[in-house]
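# Structural description and commentary
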Amino acid sequence: MSKVAFITGVTGQDGGHLAGLLLGKGYRVVGMVRGQMEPSHPRYRQIQEDLPGVELVLADLLDPAALVRALSTVRPDEVYNLAAISHVGYSFHNPVLTHQVTGGGVLNMLEAIRAAGLADTARFYQASTSEMFGGLDYNRPSQGYDETALFHPRSPYGVAKLYGHWITCNYRESYGMHASSGILFNHEGERRGPEFVTRKISQAAARISLGKQHVLELGNLSAKRDWGYAGDYVEGMWLMLQQDEPGDYVLGTGEAHTIREFCGLAFAEVGIELEWRGEGPDETGVNRASGTTVIRVNPAFFRPAEVDILLADPSKAERVLGWKRRVDFSGLVKLMVAHDLEVERAGVRG
Ligand code: NAP
Ligand code: F7E
């Protein structure tokens, strides 16, 4: 009998990678999708095309009864809760919805597992985040955050995720559930949404090199992130649920780079050498060969509170899970730009 996995957020970046990984391991994979769709709906058909082999079930993190129905029917062995409002900038504009979906949605899932009578059998993965650390001075960013570092979230998203993290720990301690929390640092790739900075840059580099776009507008160029490849991180999620005991694990690379560095590598991939001129909101990235401005700062992309640096110490995951990232920073930039060049040349969005 093959194992059954239930994935919320299956239409997102990580959901696509995880579904592919689990199908490859012989799982029956059921993905939860939301909306008033039926199989003839174009979006439903699109999702089926994007995720071949994945069975779809309709429910929403905000609808506890629908979650109970879905879980009672599917009766999964493993539940991966990846669904969330995941954009930090957006969470400042819609903090209440973020609190309900990204925070309360985790509680709805855990309660639904209990109500469906699966608390003793189903293993649960919660998609926690490095945004919970926030990154103030006392919180040791220079040596990297591990599972014991202090939390100080700096956005409604980070605060909501912290609730999701602690309620997962609480259900583990209260009801003996096999509930694990993966504290994942930024992970990117060809499935990343274009509203996140890496994909915004890789798409723009491809488009600018092909003459389809002139300028890329960005916010804070100095923030540093610990960027890895999403395909490596979903393997870590799966490994967490294969352990005898549940736990909390940091996944990251142990290297942090600025947005500026990401731009430099991405534009180099399309043959544009960048020169940075000016400072603060007046800073620009100029094509050294042509003298044309290809990047400028738009303060509309600044956040009310920024996380200046996120750096991981993933030694527990490496030691206990045997997990290690495979794709490094330059490999990540290369694969994203190569993908976007292909998409832009073919004239389709991907
Ligand atoms: P993503 O691409 O933004 O995907 C989010 C998913 O959540 C989408 O499938 C979306 O469905 C679904 N969703 C949103 N609201 C929902 C609701 N009310 N009910 C059911 N589904 C809902 O996110 P990702 O990058 O794959 O990240 C996966 C998870 O890991 C998220 O929880 C994120 O916060 C967390 N995380 C991500 C990173 C990272 O660097 N990627 C790092 C740490 C943690 P629709 O398609 O219908 O909108
Ligand atoms: O921003 C700066 C921005 O939106 C990264 C989510 O997956 O990872 C992600 O959250 C940095 C920030 O990701 C633009 O201010 C500059 O400093 O790509 P991002 P994020 O906020 O780190 C964490 C771990 C998650 O858990 C989240 O779900 O880039 N930045 N200029 C910009 N960011 C965006 N989006 N757009 C810009 O134009």
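This report concerns the structure included in the present document.

What counts and how
- Residues numbered from 1 in each chain as written.
- Chains lettered and ligands numbered in written order.
- Predicted model: local features only at pLDDT ≥ 70, side-chain atom pairs only at ≥ 80, totals over all residues.
- Heavy atoms only, no water.
- Near = heavy atom within 4 Å.
- Polar contact = N/O pair within 3.5 Å; in protein donor to acceptor, adjacent residues only side chain to side chain.
- Helix = DSSP H or I, 4+ residues; strand = E, 2+ residues; numbered from the N terminus.
- Pairing = 2+ DSSP bridges.
- Axes fitted to C-alpha atoms, helices over the stretch in contact; angles between N-to-C directions.
- Contact = heavy atoms within 4.5 Å.
- Buried < 20%, exposed > 50% of the residue type's maximum accessible area, 1.4 Å probe, protein only.
- Arc of directions from axis to C-beta.
- Nonpolar A, V, L, I, M, F, W, Y, C, P; charged D, E, K, R; others polar.
- Parallel < 35°, antiparallel > 145°, perpendicular 65-115°, else oblique.
- Left-handed = near helix turned anticlockwise from the far one by under 90°.

Every one of the 25 residues lining ligand 1 counts as a neighbour, but Thr11, Asp14, Ser86, Tyr157 and Lys161 are closest to it. Contacts to ligand 1 include Gly9, whose backbone N or O atom sits 3.4 Å from an oxygen atom. Of all the secondary structure elements, the ones that give two or more residues to the shell around ligand 1 are α1 (13-24), β5 (123-129) and α6 (156-175). For the shell around ligand 1, the leading source of residues is β5, giving three residues.

With a phi close to 50 degrees, Arg75 is a non-glycine residue in the positive phi region. With respect to the helices, strands and loops of the structure, Arg75 is situated in the loop between α3 (64-74) and β4 (78-81).

All right, on to the sheet that holds strand β15 (residues 293-297) then. Pairing within the open sheet is mixed, and its four strands lie in the order β8-β15-β14-β13. Pairing within the sheet leaves two strands with one partner each, and these edge strands are β8 (216-218) and β13 (274-277). Direction aside, the axes of adjacent strands within the sheet are offset by 20 degrees on average. Pairing between β13 and strand β14 (residues 284-287): four bridges, direction antiparallel. Considered in β14, the bridge of Trp276 is made with Gly285. Where helix α7 (residues 197-209) meets the sheet, it contacts β8 and β15, and its direction lies at approximately 160 degrees from that of β8.

This part covers helix α9 (residues 259-269). Residues Ile259, Phe262, Cys263, Ala266 and Phe267 constitute the buried set of α9. Along the long axis of α9, the arc covered by the buried residues comes to 120 degrees, so they all point the same way. Next to the buried residues of α9 lie α7, β8, β12 (257-258), β13, β15 and α11 (329-346). Once α9 finishes, Gly271 follows within two positions and takes phi at roughly 85 degrees, a positive value.

This brings us to the sheet that holds strand β11 (residues 248-251). Read across the sheet, seven strands follow the order β3-β2-β1-β4-β5-β6-β11 without closing on themselves; strand pairing throughout is parallel. Strands with a single pairing partner mark the edges of an open sheet, and in this sheet they are β3 (55-58) and β11. In this sheet, adjacent strand axes meet at a mean angle of 20 degrees when their direction is disregarded. Two strands pair when backbone bridges link them, and β5 and strand β6 (residues 179-184) are joined in this way by six bridges, in the parallel orientation. Looking across to β6, one finds that Gln126 is bridged to Ser181. Here α3 sits on the sheet and contacts β1 (4-8), β2 (28-33), β3 and β4; the angle it forms with β1, its principal contact strand, is near 160 degrees.

In this section: the site of ligand 2. Around ligand 2, the structure places 23 residues, and the nearest of them are Ser86, Thr129, Tyr157, Arg303 and Glu306. Residue Ser86 places a main-chain N or O atom 2.6 Å away from an oxygen atom belonging to ligand 2. Residue composition of the shell around ligand 2, grouped by class: nine nonpolar, seven polar and seven charged.

Here the focus is the packing of α7 against α9. Between α7 and α9, whose axes approach to 9 Å, the crossing angle comes to 30 degrees. For the element pair α7 / α9, the angle class is roughly parallel. Our pair here, α7 against α9, has a crossing hand that is right-handed. Here Val197, Thr198, Ile201, Ala205 and Ile208 of α7 come into contact with α9, specifically with Ile259, Phe262, Cys263, Ala266 and Phe267.

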